[in-house]
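# Working through the structure, step by step
Residue-level listing of the chains:
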Amino acid sequence: MDISVVVPLYNEAESLPELSAWIELVMDRNNFSYEIIFVDDGSTDTSWQVIQQLAAGNPSIKGVSFRRNYGKSPALNTGFGMASGNVVITMDADLQDSPDEIPELYRMIMEDGYDLVSGWKKKRYDPLSKTIPTKLFNATARKVSGIKNLHDFNCGLKAYRLEVVKHIEVYGDMHRYIPYLAKNAGFGRIGEKVVQHQARKYGSTKFGLDRFVNGYLDLATLWFTGKFGAKPMHFFGLLGSLMFIVGFIAVAVVGFGKLYNMYAGNPYTLVTSSPYFYLSLTMMVMGTMLFLTGFLGELIVRNSPSRNHYEIKDKVES
């Protein structure tokens, strides 16, 4: 099969027939063998009934419905598990992503050799309250992930080599960082294509401004786990050791200062009267706790069943 189109959705009953017909038209025009996988993320409207009707009229349409709303990432992860096409295309169900982009995305994967191609909605039909935070968010994501050529990490329109979606796990709200997940999994050929962005035709957006706050927290999580997930002692142990040493030196300075003043006959105060003494003790205690956190993290990693699980790209045996 050439292409699997994965469409996560939540309360998009009005747009589904038009989107399905549009995708079918593009596929037939280019003689692609394909499947369309609709993942209903616990919709409360008639989305699932519409999907069932569409599937009854086209054997290439598949669907799955969650009992409740879990989020876009679980929906994508489920769709990736069902996909079997050589190239997997993801797009939103709100008709803001154009299926006419599919042939070029397919070509970039199959002919140009990309592992993943992300869409870039260079010209957007969104209010400034959404576009300005999006630009700041993408700038931060580029800096942290090291993927300098992507301008729109969160664009729903993406193309993947099948091998990519079978080797990454999308959970929580990590759909924003699928290129970063792919890079961490060893798929470094990541490209970008300017795609057409259309104004929403039906309904309203399902995402609020809280996604920007959550997005930064998720990015910090990915950065930390990617850099220190397999070696937590390198982070907690180093930071804890530095804090302990600085605290110990500070305590020593306070103590030696008192002893010097005692033997020199100078006025002196009790060590416990100095706020620096308590700050130093606090640093030593925190340093010890951080070091022990790193040590416990190492014990957990060492006992993990996947500690020696490595993705092998290819193998030659005699």
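Above: the structure in question.
Read on for an overview of the structure. Within every chain, residues take consecutive numbers counted from 1 along the sequence as written. At least 70 in pLDDT is required for a residue's local features to be given in this predicted model, at least 80 for side-chain atom pairs to be given and counted, and no such filter applies to totals for whole chains, interfaces and linings, which use all residues. With hydrogens and water excluded, all non-hydrogen atoms of the structure serve as input to the side-chain values.

Glancing now at the packing of aromatic side chains. Any Phe, Tyr or Trp ring, taking Trp's six-membered ring, that has another such ring centre within 6.5 Å forms a pair; planes under 30 degrees apart are called stacked, those over 60 apart edge-to-face, and the others tilted. Applying the stated criterion across every chain yields a total of 6 aromatic pairs. Ring centres of F32 and Y106 lie 4.9 Å apart, and the angle between their planes is 55 degrees; on these two criteria the pair is classed as tilted. Here Y106 lies in helix α4 (residues 102–110) and F32 lies in the loop between α1 (16–29) and β2 (34–40), a separation of 74 residues in the sequence. Grouping residues by exposure puts F32 and Y106 together as buried. Considering the side-chain rings of F80 and Y160, the 5.4 Å spacing of their centres and the 70 degrees angle between planes classify their relative orientation as edge-to-face. With F80 in helix α3 (residues 72–82) and Y160 in strand β6 (residues 158–161), this residue pair connects regions lying 80 residues apart in the sequence. Summarising the burial analysis for this pair, F80 and Y160 share the class buried. The way it works is that DSSP assigns letters per residue, a run of H or I at least four long becomes a helix, a run of E at least two long becomes a strand, and they are numbered from the N terminus. Working definition: with a 1.4 Å probe on protein chains only, accessible area under 20% of the residue-type maximum means buried, over 50% means exposed, and in between means partly exposed.

Turning to the pairing of strand β4 (residues 87–90), a few remarks are in order. Burial of β4 is two-sided: the residues V87 and I89 facing one way and the residues V88 and T90 facing the other way are all buried. As judged from the 4 bridges shared by strand β1 (residues 3–9) and β4, these two strands associate in the parallel manner. Directly across from S4, in β4, lies its bridge partner V88. When DSSP locates at least two bridges between a pair of strands, those strands are taken to pair. Where β4 meets β6, 4 bridges bridge the pair, whose relative direction is antiparallel.

Attention now moves to a nonpolar patch on the surface. In this scheme, patches are assembled from residues that exceed 30% relative accessible area and form no salt bridge. Like charges are connected within 9 Å, while nonpolar side chains (Val, Leu, Ile, Met, Phe, Trp, Tyr) are connected within 5 Å. Only the protein chains shown count as cover for residues, and the accessible areas themselves come from Shrake-Rupley with a 1.4 Å probe. One side-chain nitrogen of Lys or Arg within 4 Å of one carboxyl oxygen of Asp or Glu is enough to make a salt bridge. Where nonpolar side chains cluster on the molecular surface, the patch consists of F244, I245, F248, I249 and V253 and spans about 480 Å² of accessible area. Among the structural elements, V253 can be located in helix α9 (residues 233–264).

Let us look at the side chain of D92. On the secondary structure map, D92 appears in the loop between β4 and α4. Classification of D92 by relative accessible area gives buried; the value is 17%. N or O atoms closer than or at 3.5 Å make up a polar contact, with two conditions inside protein: a donor-capable atom paired with an acceptor-capable one, and, for residues adjacent in sequence, both atoms drawn from side chains. A polar side-chain atom of D92 sits 2.8 Å from a polar atom in the side chain of K72. In this analysis, two residues are considered to be in contact whenever any of their non-hydrogen atoms come within 4.5 Å of each other. If near-sequence neighbours (up to four positions away) are discounted, D92 is found in contact with V7, L19, K72, D97 and G156.

Right, let's get into the nonpolar core. Soluble globular proteins tend to bury their nonpolar side chains together. Judged by nonpolar contacts, the single largest core of 34 residues is most densely connected at V5, F38, I89 and M91. At the level of secondary structure, the elements contributing two or more residues to this core comprise β1, α1, β2, α2 (47–57), β4 and α4. If one sorts the elements of this core by residue count, α1 sits on top with 6 residues. Among residues more than four places away in sequence, those in contact with M91 are V5, V6, V7, P8, L19, I23, D97, S98, P99, I102, G156 and L157. Residues belong to one nonpolar core when they are buried, are Ala, Val, Leu, Ile, Met, Phe, Trp, Tyr or Cys, and are joined through side-chain atoms within 4.5 Å. Counting 30 residues, the second-largest nonpolar core is a separate cluster that includes V6, L116, M174 and L222.

Glancing now at α4. The set of residues buried in α4 consists of I102, L105, Y106, M108 and I109. Viewed end-on, α4 has its buried residues packed into an arc of 160 degrees, placing them on one side of the element. Contacts made by the buried residues of α4 are with β1, α1, β4, β5 (116–120), β6 and β7 (190–194). Starting at the helix axis, one direction is taken to each C-beta atom, and the arc is that of these directions.

The strands making up a sheet associate through hydrogen bonds between their backbones, and the pairing can be parallel or antiparallel. Taken in spatial order, the 7 strands line up as β3-β2-β1-β4-β6-β5-β7 in an open sheet, and their pairing is mixed. Each end of this open sheet is capped by a strand with a single partner; those strands are β3 (61–65) and β7. Each adjacent strand pair in this sheet contributes to an overall mean axis angle of 20 degrees, direction not counted. To define axes, lines are fitted to C-alpha atoms, for helices over the stretch in contact only, and angles between the resulting N-to-C directions are given on a 0 to 180 degree scale. Helix-sheet contacts for α2 involve β1, β2 and β3, and the interaxial angle to β3 is about 155 degrees. Across the face of the sheet, α4 comes into contact with β1, β4, β5, β6 and β7 while running at roughly 140 degrees to β4.

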